[in-house]
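The residues making up each chain are set out below.
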Amino acid sequence: MALFNRKHILSTKDLQKEEIDQILETALSFKEVMRREIKKVPTLRGKTVINLFLEDSTRTRTSFEVAGKMLSADVINLSKSGSSLAKGETFLDMAKTLEAMKPNVLVVRAKQSGLPKRLSEHLNCPVINAGDGLHEHPTQALLDLFTLQERWGDVKGKKITIVGDIAHSRVARSNIYLLKNRGAEVTLVGPGSFMPLGVEEYKVKITYDLMEGIREADAVMVLRIQKERIGLPFFPSVREYARFFGMDRSKLAECKKEVLILHPGPVNRGIELSPEVADGSHSVILDQVANGVAVRMALLYLLVK
Ligand code: CP
């Protein structure tokens, strides 16, 4: 296998096809480790992973921790609360302090768009963006792609519709770049107020009509309304949003028979997804979670080994 030369994972925009292939092939081999009785390999023994999570997370943070531990790395978790940020320390001083303890990789989640990139410019150790503000969530998009490829082999020519709060979604942005790179046909659906300024620059299909967007889709990726990032009322009511843009049993019945339903989580049940759809046979949400561990094992391995 060719050498993986990338030092940081900050975005999916500039990932090359060969790099994506290498990440996903490596993830496939680590998925086999996850099926073993003893889910541990010595690959990163003696290496240290620091998870710096300055914003809430369940899936990403836990899966990076599980991934590191399955690879036998020492994993340190640090969150904003309890850190010295509250005493006025800057993000950069904090990151340099952590780097002085010689970690082999720093995994960063932050409210501030661009913070992982800024840290990567000042640190010597690799930095992985675990979701930064409105910007990107590259490891989520990679695990989404892995999940789709696991079902289909290839996403080329597949119709993938992303529904909901596109404007505030780092998951949407990372997925648009990655899926387009792989030759998928991407459609964005949502109310006008949830489309970002300059959305046409993505060069994907855009519609404000849910049924038009999902009827022919091979996969529908449903997004949560990012309430924590919305300062103004972007839609009249949650009930109205759920009526027009929420995926429920009756709308699913209008989709292709084999359609896949994805959601990065956390799900707001009854708003963007009804419980029957979230837990139904089309849903691959828990596959996404499991694949998140394998993909993050691959990234830690490729950056640290
Ligand atoms: N998908 C995702 O990033 O979930 P968490 O916020 O729980 O990590």
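Here the structure is shown first, and the text comes after it.
Thresholds, definitions, all that
- Residues numbered from 1 in each chain as written.
- Predicted model: local features only at pLDDT ≥ 70, side-chain atom pairs only at ≥ 80, totals over all residues.
- Heavy atoms only, no water.
- Helix = DSSP H or I, 4+ residues; strand = E, 2+ residues; numbered from the N terminus.
- Buried < 20%, exposed > 50% of the residue type's maximum accessible area, 1.4 Å probe, protein only.
- Areas by Shrake-Rupley, 256 points an atom, 1.4 Å probe, with all protein chains shown as cover.
- Pairing = 2+ DSSP bridges.
- Axes fitted to C-alpha atoms, helices over the stretch in contact; angles between N-to-C directions.
- Contact = heavy atoms within 4.5 Å.
- 1 Å grid on protein atoms, 1.4 Å probe; cavity = no way out; pocket = protein on both sides within 12 Å on 5 of 7 lines; lining within 4 Å.
- Points joined across faces, edges and corners; volume = space filled by probe spheres on them.
- Domains from an automatic or database assignment.
- Nonpolar A, V, L, I, M, F, W, Y, C, P; charged D, E, K, R; others polar.
- Parallel < 35°, antiparallel > 145°, perpendicular 65-115°, else oblique.
- Left-handed = near helix turned anticlockwise from the far one by under 90°.
- Near = heavy atom within 4 Å.
- Polar contact = N/O pair within 3.5 Å; in protein donor to acceptor, adjacent residues only side chain to side chain.
- Salt bridge = Lys/Arg side-chain N within 4 Å of Asp/Glu carboxyl O.
- Expected span 1.5 Å × (residues − 1).
- Bend = angle between axes of the 7 residues up to and from the residue.

## Things to note about the overall build of the protein
Looking only at helices and strands, the protein has 11 helices and 9 strands in total. Summarising its shape, the C-alpha atoms of the protein cover approximately 55 × 45 × 35 Å along the three principal directions. Expressed as a percentage of its 305 residues, the buried residues of the protein come to 56%. In the structure as shown, the protein presents an accessible area of about 13900 Å², 51% of it carried by carbon and sulfur atoms.

## Structural notes on the sheet that holds strand 8 (residues 219-222)
Taken together, the 5 strands give an open sheet; going across it, the order is 7-6-5-8-9, and neighbouring strands pair in parallel fashion. In this open sheet, the two strands that pair with only one neighbour each are strand 7 (205-207) and strand 9 (260-262). Put simply, the sheet's adjacent strands are angled 20° from each other on average, direction ignored. In this sheet, strand 9 lies alongside strand 8 in parallel orientation, the contact comprising 3 bridges. Bridge pairing links Met221 to Leu262 in strand 9. Helix 5 (residues 138-152) contacts strand 5 (159-163), strand 8 and strand 9 of the sheet and is inclined by roughly 165° relative to strand 9.

## Notes on the layout of surface pockets
Of the voids in this model, the largest pocket is the one considered here, and its volume is about 420 Å³. Taken together, 22 residues form the lining of the largest pocket, with Arg109, Arg170, Arg224, Glu228 and Pro266 sitting closest to its centre. Secondary-structure elements contributing two or more residues to the lining of the largest pocket are helix 2 (59-70) and helix 6 (170-181). Split by domain, the lining of the largest pocket shows at least three residues from each of two domains, domain 1 (12-136 + 289-304) and domain 2 (138-286). Estimates place the volume of the second largest pocket at around 210 Å³. Taken together, 15 residues make up the lining of the second largest pocket; nearest its centre are Arg269, Ala278, Asp279, Ile285 and Leu286. By residue number, the principal contributor to the lining of the second largest pocket is helix 11 (residues 285-304), which donates 4 residues. Classifying every residue of the lining of the second largest pocket gives 7 nonpolar, 4 polar and 4 charged.

## Details of the packing of helix 3 (residues 91-99) against helix 4 (residues 115-122)
Remark: helix 3 packs on helix 4, axes separated minimally by 10 Å, with the N-to-C direction vectors making an angle of 55°. Comparing the axis directions of helix 3 and helix 4 gives the class oblique. With respect to the hand of their crossing, helix 3 and helix 4 are arranged in right-handed fashion. Along the contact surface, helix 3 presents Phe91, Leu92, Ala95 and Lys96, while helix 4 presents Leu115, Arg118, Leu119 and His122. In terms of residue class, the contact of helix 3 with helix 4 is made up of 5 nonpolar, 1 polar and 2 charged.

## Observations concerning the site of the ligand
Around the ligand sit Ser57, Thr58, Arg59, Thr60, Arg109, His137, Gln140, Pro264 and Gly265, and those are all the residues in its vicinity. Between the ligand and the protein, one listed contact pairs an oxygen atom with a side-chain N or O atom of Arg109 at 2.9 Å. Calculation on the ligand without its partners gives an accessible area of 250 Å², and the protein chains cover 92% of this total. Class assignment of the residues belonging to the shell around the ligand gives a composition of 1 nonpolar, 6 polar and 2 charged. Each of two domains, domain 1 (12-136 + 289-304) and domain 2 (138-286), supplies a minimum of three residues to the shell around the ligand.

## Here we look at the pattern of salt bridges
Counted by the stated rule, this structure contains 15 salt bridges. Glu65 is paired through a salt bridge with Lys69; the nearest N and O atoms lie 2.7 Å apart. Here the residue Glu65 and the residue Lys69 both occupy positions in helix 2, the gap between them amounting to 4 residues, near one helical turn. Here Lys69 falls in the partly exposed class, since its relative accessible area comes to 37%.

## Notes on helix 11
Note: α-helices contain 3.6 residues per turn, so residues at a spacing of three or four share the same orientation. For helix 11, spanning 20 residues, the distance from its first C-alpha to its last is 28 Å, which sits close to the expected 28 Å at 1.5 Å a residue. Largest kink in helix 11: about 25°, centred on Asn291. Extensive coverage of helix 11 is indicated by the burial of 15 of its 20 residues.

## Considerations on empty space enclosed by the protein
For the structure on display, the rule yields 1 cavity of 30 Å³ or more. As for the largest cavity, its lining consists of Arg59, Thr60, Ser63, Gln140, Leu143, Pro264, Gln288, Val289, Gly292 and Arg296. Among the secondary structure elements, those contributing two or more residues to the lining of the largest cavity are helix 2, helix 5 and helix 11. Top contributing element to the lining of the largest cavity by residue count: helix 11, with 4 residues.

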